[in-house]
Amino acid sequence: MEPVVIPILVAALVVVFLVAATVRIVPQARRYNIERFGRYRRTLQPGLNFVLPVADRVNTKLDVREQVYSSDPKPVITEDNLVVNIDTVLYYQITDPRAAAYEVADYLQAIDQLTVTTLRNVIGSMDLEGTLTSREEINARLRAVLDEATGKWGIRVNRVEIKAIDPPNTIKEAMEKQMRAERDKRAAILHAEGERQAKILTAEGTKQKDILEAQGTQQAMILRADGESKAVELVFQAVHRNNADAKVLAYKYLETLPNLAQSDNNTFWVIPGELTEAIRTVTSAFGDQTPATAPGEQSASARREDATTAEAPDKDHVGAPEVEPNSTLALDAVAAADEAAKQAAVAVSDAKAEAEAAGETRPPGRERSSGR
């Protein structure tokens, strides 16, 4: 019984071995390179595959997914003779498993060395500032060179990124000082620009204020002058409407004289030459006596009355009513005229006294001013 069982067991083991050697199950995203008697035969795809036992064997198992390879920092010399350490990140994918297994011995090492040499060629034509600010350009040039070189290896380089650029410590300190100086300069410029704008706005505001004040003053002066003009016009119309003669105007003239001495700053008065004539006119208007004249001569008022009568002999003359010499109105007018003359004389004497008092307080050698 035992001699029969042993061959059966051996045969079963052989069958199991043959089945195990014949069937190959390839996982997804994997590729197996099969060699037959040491020569590349084919590449197994994902799923269930059958091979020839003993003759076929799996040489390499490759992952065709996109993979990431990070290289160590490599020293690179820039155009301005500065040594910087640059490390890169490489994204690649195997597109041809046969070429990746048989065209290059170690594709990762080959890619790493090719990246270093390409970096030295690219960075060697740039200065430090260009290296720090031209990462996109460096990445594009690296990708173009690596993709062209690794194409025959069955590898496609999808992306190359510079992970870090480390200049020497002394260069870092100098760069920090330069950046600090640039920031201080920018802050000073912004501060000066702000002060300039503030001064410009202040000047414009002051200008607008002065213009508005000047316009307001101009309008006020125009309105004041217009008001005074209308007031004078109304007075003039009232005088002509009431047909006031020269006697009434002379009396108002005398009433205005005391106002000349009301100001405290006046040290010099000019007494008009018509004062005596105005007093004479008032006296002749309200009194019963007329100033004596030489034979054959007429007074100034008589000459004016004759001229007026000669110019309009036929027109009705509406003037001040004549005052009878012996009437009560004549006596009141004479008293009023005397009172006005006294007030005018007192005003003139007070003005002269103040002028003399002001002249005494002046320094020696300065002439006094007086009015007649």
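Given the structure is predicted, the values throughout are model-derived calculations rather than measurements.

## Things to note about the packing of helix α3 (residues 107–123) against helix α5 (residues 135–150)
It is the contact of α3 with α5, at a shortest axis distance of 10 Å, that shows an interaxial angle of 140°. On the basis of the axis angle, α3 is oblique to α5. The handedness of the crossing between α3 and α5 is right-handed. Seen from α3, the contacting residues are I111, L114, T115, T118, L119, V122 and I123; seen from α5, they are I138, R141, L142, V145, L146, A149 and T150.

## Concerning the side chain of D87
When you line up the elements, D87 lands in strand β8 (residues 83–94). Looking at D87, its side chain comes within polar contact range of the main-chain nitrogen of A164, at 3.1 Å. When residues no more than four places from it in sequence are discounted, the contact partners of D87 are S71, D72, P73, I162, K163 and A164.

## Some points on the packing of aromatic side chains
On inspection of all chains with the given rule, the structure shows 2 aromatic pairs. For the ring pair Y40 and Y102, a centre distance of 5.6 Å and an interplane angle of 65° mean the geometry is edge-to-face. Placement of the pair is Y40 in strand β3 (residues 39–44) and Y102 in helix α2 (residues 97–102), with a sequence separation of 62 residues. Y40 sits in the partly exposed class, given a relative accessible area of 29%. Between Y92 and Y107, the aromatic rings sit 6.0 Å apart at their centres with planes inclined by 65°, giving edge-to-face as the arrangement. Placement of the pair is Y92 in strand β8 and Y107 in helix α3, with a sequence separation of 15 residues. By relative accessible area, Y92 is classed as buried at 2%. Overall, Y107 belongs to the buried group, its relative accessible area being 16%.

## Focus on α5
The end-to-end C-alpha distance of α5, which contains 16 residues, comes to 22 Å, matching closely the 22 Å that a straight helix rising 1.5 Å per residue would cover. Among all positions in α5, only I138, N139, L142, L146 and T150 are buried. Buried residues of α5, seen end-on, are gathered within an arc of 95° and therefore sit on one face of the element. Exposed and oriented more than 90 degrees from the buried face of α5 are E136 and E148. Against the buried residues of α5 lie β8, α3, α4 (128–133) and β9 (155–166).

## A word on the sheet that holds strand β5 (residues 56–63)
Reading across the sheet, the 3 strands line up as β3-β2-β5 and stay open at both edges, with antiparallel pairing between neighbours. At either end of the open sheet lies a strand with only one pairing partner, and these are β3 and β5. Neighbouring strand axes in the sheet, compared pairwise and without regard to direction, differ in orientation by 25° on average. Sheet topology note: the strand β2 (residues 30–36)/β5 ladder contains 7 bridges and is antiparallel. Opposite R30, over in β5, you have D63 as the bridge partner.

## Comments concerning α3
Helix length check: α3 (17 residues) gives 24 Å between terminal C-alpha atoms against 24 Å at 1.5 Å per residue, within 8%. Three or more residues of α3 are buried, namely Y107, A110, I111, D112, L114, T115, V116, T118, L119, V122 and I123.

## Regarding a nonpolar patch on the surface
A contiguous nonpolar patch, built from I6, V10, V14, F17, L18 and V54 and spanning about 580 Å² of accessible area, is present on the exposed surface. On the secondary structure map, L18 appears in helix α1 (residues 2–22). Of the residues examined, L18 reaches a relative accessible area of 38% and is grouped as partly exposed.

## A few points about the nonpolar core
Membership of the largest hydrophobic core comes to 29 residues, with the highest contact counts inside it found for I86, L90, I138 and I155. Mapped by element, the contributors of at least two residues to this core are β8, α3, α5 and β9. Broken down by element, this core gets its largest block of residues, 7 residues, from α3. L90 has contacts with Q67, V68, Y69, I111, L146, V157, R159 and V160, leaving out every residue within four places of it along the chain. If you look at the next biggest cluster of nonpolar residues, it comprises 5 residues, including V26, Y32, I34 and L44.

## Comments concerning the pattern of salt bridges
Pairing between side chains becomes possible if they bear opposite charge and their charged atoms approach one another. Counted by the stated rule, this structure contains 10 salt bridges. Of the charged contacts in the structure, one is a salt bridge between R141 and E137, with a shortest N-O distance of 4.0 Å. Pair noted here: R141 and E137 are both in helix α5, with a separation of 4 residues, about one helical turn. Taking the relative accessible area as the measure of exposure, R141 reaches 36% and is therefore partly exposed. Close ionic contact of R159 with E161 constitutes a salt bridge, the shortest N to O distance being 2.7 Å.

## Observations concerning the confidence of the model for the chain
The predicted model of the chain has a mean per-residue pLDDT of 75, with 65% of residues at 70 or higher. The model gives residues 288–331 a pLDDT under 50, and that stretch makes 17 contacts with residues more than four places away or in other chains.

## Structural notes on a positive patch on the surface
Residues K177, R180, R183 and R186 make up a contiguous surface patch of positive charge. By the secondary structure assignment, R183 is in helix α6 (residues 169–241). Take R183: its relative accessible area is 48%, and that puts it in the partly exposed class.

Thresholds, definitions, all that
Within every chain, residues take consecutive numbers counted from 1 along the sequence as written. Given that the model is predicted, a residue must reach a pLDDT of at least 70 before its local features are reported, and side-chain atom pairs must reach 80 or more before they are shown or counted; all residues, however, enter totals for whole chains, interfaces and linings. By convention in this description, side-chain values take in all heavy atoms of the structure and omit both hydrogens and water. Where helices are involved, their axes are fitted lines through C-alpha atoms of the stretch in contact, as for all axes, and angles between N-to-C directions lie from 0 to 180°. Secondary structure elements follow DSSP: runs of H or I of four or more residues count as helices, runs of E of two or more count as strands, with numbering from the N terminus. Angles are sorted into four bins: roughly parallel if under 35 degrees, roughly antiparallel if over 145, roughly perpendicular if 65 to 115, and oblique for all others. Two helices that cross are described as forming a left-handed crossing if the nearer one is turned anticlockwise from the farther one by less than a right angle, and a right-handed crossing if clockwise. Any two residues having at least one pair of non-hydrogen atoms within 4.5 Å are treated as being in contact. A 3.5 Å cut-off defines polar contacts: any pair of N or O atoms within that distance qualifies, except that in protein one atom must be a possible hydrogen donor and the other a possible acceptor, and neighbouring residues in sequence count only when both atoms are side-chain atoms. Working definition: rings of Phe, Tyr and Trp (its six-membered ring) pair if their centres are within 6.5 Å, and the pair is stacked with planes under 30 degrees apart, edge-to-face with planes over 60 apart, and tilted otherwise. Think of it in three bands: residues with accessible area under 20% of the maximum for their type are buried, residues over 50% are exposed, and the middle band is partly exposed, with areas taken using a 1.4 Å probe on protein chains only. Given the number of residues in a helix, its expected span is that number minus one, multiplied by 1.5 Å. Directions pointing from the helix axis toward each C-beta atom define the arc. Two strands form a pair only when DSSP identifies at least two bridges running between them. Distance thresholds for patches are 9 Å for like charges and 5 Å for nonpolar side chains (Val, Leu, Ile, Met, Phe, Trp, Tyr), applied to residues having over 30% relative accessible area and no salt bridge. Methods summary: accessible areas were calculated by the Shrake-Rupley approach with a probe of 1.4 Å, and residue burial reflects only the protein chains presented. The salt bridge definition used is simple: a Lys or Arg side-chain nitrogen within 4 Å of an Asp or Glu carboxyl oxygen. Throughout this description, the term nonpolar core refers to a set of buried Ala, Val, Leu, Ile, Met, Phe, Trp, Tyr and Cys residues connected via side-chain atoms within 4.5 Å. Each residue carries a pLDDT score, the predictor's confidence in it, ranging from 0 to 100. The charged-residue count follows a simple rule in which Lys and Arg add positive charge and Asp and Glu add negative charge, with His and chain termini not counted at all. Note that the charge is assigned to NZ on lysines, CZ on arginines, CG on aspartates and CD on glutamates.

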